[in-house]
Amino acid sequence: MLNTAGEKKRETLRSLISSDAEELSRQLQAHQQRTFPPTAQKSIRQFSPAEAADFIGIHQGYLRQIVADGHGPEPLANGRRLYSVQDIENLRHILDDGGKGPRKYVRHRREGEKLQVVSVMNFKGGSGKTTSSAHLAQFLALRGYRVLAIDLDPQASLSALFGHQPELDVGENETLYGAIRYDDARRDITDIVRATYTPNLHIIPGNLELMEFEHETPKALAMRHKTDSMFFARIGECLAEIESAYDIVVIDCPPQLGFLTLSALCAATAVLITVHPQMLDVMSMSQFLHMTGDLLSVVEDAGGSMDYDWMRYLVTRYEPNDGPQSQMSGFMRSIFGNRVLENAMLKSTAISDAGLTKQTLYEVDRNQFTRGTYDRALESLTAVNTEIEDLIKRTWGRK
């Protein structure tokens, strides 16, 4: 009787979870249809002269001088100018074509500079991992780098932020799993890369299909032939095929330590670990680091590459006026030193509210927020991303 009752209970729970999942999926799809109809396409806003100058890397006065020489967009009826991403890109080329020496404003990799692969990770959800990945990838694209964002998280929040709804827009074999799977259905990575509405930024979207790699890898390890590449080498091998097309790859890892995450770590040239500065989160990260170290030693013994240009911790969702958070941030800095990024990503209603409409802070119209709220959040994000950009440039040997 107990077994029968237990089976009934499990069946009831299973059916309840399944029905809730179906209903939630249906409602989310309906919301998606209302918010972004099938004919709608996401686009990125235009930028003010100050923002355009910052992305190009020049003073606003110099930008006015270039525009006065007949370059850039035409003024609006009120005399102001707004700059599209394409306007900014065109001005970069104009500046470099008229200059001397190596390119300065078109920031593509130069000869001898290797592809940078930044894996963003954390074991605990809610650490700001996907938010950090999305804003970093888009910032670098707006700065003029050729960027590929890879969504390795089966929850696919990064994909949704960039306009690719996992349940509607991403079909079978259209995630990175299609390029790293073990059977004959494996595809070329060039077939699954997608453009985004941000020039210079491409994406490989994710969805639940990525979990297949976690399920299939143990079978592949048990049946492995000598000619098969190991699971931890597969992402790196795929990226080698498209290396010449990009300067930087940003990988949003799953929030667990599985085969996908280990493969992303082996493909990485740099690792960014996000952490919320609260005791439970830091304790969770401690366990995560222990497990990661143990597993990476096994991977290294099996021939996996563990060479990194840099590893950094990023304090996220930080509230400077919160005493315990300030103490925990200081505690981490006392342990890890300069491996904690100097700048923290502030907690902001502007960032979370932008996420409700599946937008980044670089996309959302600042008029939707009080100026101070928006400016503080954007200043924080830009400071964090500029610090990471500097690490990449230092790796390349640039000033």
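Residues numbered from 1 in each chain as written. Predicted model: local features only at pLDDT ≥ 70, side-chain atom pairs only at ≥ 80, totals over all residues. Heavy atoms only, no water.

**Overview of the overall build of the chain**
Link 1 in the chain: The helix and strand tally for the chain stands at 15 helices and seven strands.
Link 2 in the chain: Taking the intrachain contacts of the chain between residues at least 6 apart in sequence as the baseline, contacts between residues at least 24 apart amount to 78%.
Link 3 in the chain: On the chain, roughly 20000 Å² of surface is accessible, and the fraction owed to carbon and sulfur atoms is 52%. (Helix = DSSP H or I, 4+ residues; strand = E, 2+ residues; numbered from the N terminus. Contact = heavy atoms within 4.5 Å. Areas by Shrake-Rupley, 256 points an atom, 1.4 Å probe, with all protein chains shown as cover.)

**Regarding the confidence of the model for the chain**
Note: predicted coordinates in regions of low pLDDT should not be interpreted at a detailed level.
Link 1 in the chain: Predicted confidence across the chain gives a mean pLDDT of 86, with 89% of residues reaching 70 or more.
Link 2 in the chain: Here helix H1 (residues 2-35) stands out as the element of the chain with the lowest mean pLDDT, 62, in contrast to strand E2 (residues 147-151), whose mean of 98 is the highest. (pLDDT = per-residue confidence, 0-100.)

**Some points on the sheet that holds strand E3 (residues 194-195)**
Link 1 in the chain: Strand order across the open sheet formed by seven strands is E3-E4-E2-E5-E1-E6-E7, with mixed pairing between neighbours. Each edge of the sheet is formed by a strand with only one pairing partner; in this case those strands are E3 and strand E7 (310-315).
Link 2 in the chain: Pairing between strand E1 (residues 116-121) and strand E5 (residues 248-252): five bridges, direction parallel. Bridge assignment links Val118 to a residue of E5, and that residue is Val250.
Link 3 in the chain: Relative to E7, helix H15 (residues 371-396) is tilted by about 175 degrees, and along the sheet it contacts E1, E5, strand E6 (270-275) and E7. (Pairing = 2+ DSSP bridges. Axes fitted to C-alpha atoms, helices over the stretch in contact; angles between N-to-C directions.)

**Focus: the pairing of E1**
Link 1 in the chain: In terms of burial, E1 is largely enclosed, as six of its six residues are buried.
Link 2 in the chain: With burial as the criterion, each face of E1 is covered, one bearing Gln116, Val118 and Val120 and the other bearing Val117, Ser119 and Met121. (Buried < 20%, exposed > 50% of the residue type's maximum accessible area, 1.4 Å probe, protein only.)

**Describing the pattern of salt bridges**
Link 1 in the chain: Counting across every chain of the model gives 15 salt bridges.
Link 2 in the chain: The residue Arg366 makes a salt bridge to Asp375 at a minimum N-O spacing of 2.4 Å.
Link 3 in the chain: Owing to a relative accessible area of 26%, Arg366 belongs among the partly exposed residues under this scheme.
Link 4 in the chain: Judged by its relative accessible area of 28%, Asp375 falls in the partly exposed class.
Link 5 in the chain: Within the structure, one salt-bridge network assembled from shared partners comprises Arg109, Arg146, Glu243 and Asp247. (Salt bridge = Lys/Arg side-chain N within 4 Å of Asp/Glu carboxyl O.)

**Observations concerning unusual backbone geometry**
The bulk of non-glycine residues show a negative phi, and the bulk of peptide bonds are trans.
Link 1 in the chain: Even without being a glycine, Asn173 presents a positive backbone phi close to 65 degrees.
Link 2 in the chain: Note that Asn173 resides in the loop between helix H7 (166-169) and helix H8 (177-180).
Link 3 in the chain: Residue Asn173 is classed as buried on the basis of its relative accessible area of 11%.

**Brief notes about the nonpolar core**
Generally speaking, soluble globular proteins have nonpolar side chains that are buried together.
Link 1 in the chain: Membership of the largest hydrophobic core comes to 58 residues, with the highest contact counts inside it found for Leu63 and Leu361.
Link 2 in the chain: Of the residues forming this core, the biggest block, nine residues, is contributed by H15.
Link 3 in the chain: Once residues lying within four places of it in the same chain are set aside, the contact partners of Leu63 are Pro49, Ala52, Ala53, Ile56, Ile58, Tyr83 and Leu91. (Core = buried A, V, L, I, M, F, W, Y, C linked by side-chain atoms within 4.5 Å.)

**Considering the pairing of E5**
Regular strands place side chains that alternate from one sheet face to the opposite one.
Link 1 in the chain: The element E5 is extensively covered by neighbouring structure, given that five of its five residues are classed as buried.
Link 2 in the chain: Residues Ile248, Val250 and Asp252 point to one face of E5 and Val249 and Ile251 to the other, with burial holding for every one of them.

**Section: helix H14 (residues 349-356)**
Helical geometry note: an α-helix holds 3.6 residues per turn, so side chains three or four residues apart project in the same direction.
Link 1 in the chain: Of the positions making up H14, those classed as buried are Ala350, Ile351 and Ala354. Mapping the buried residues of H14 onto a view down its axis gives an arc of 100 degrees, with all of them on the same face.
Link 2 in the chain: Turning to H14, the residues buried within the fold contact helix H5 (129-142) and H15.
Link 3 in the chain: Where H14 starts, the residue carrying a side-chain oxygen 3.0 Å from the main-chain nitrogen of Ala350 turns out to be Ser348. (Arc of directions from axis to C-beta. Polar contact = N/O pair within 3.5 Å; in protein donor to acceptor, adjacent residues only side chain to side chain.)

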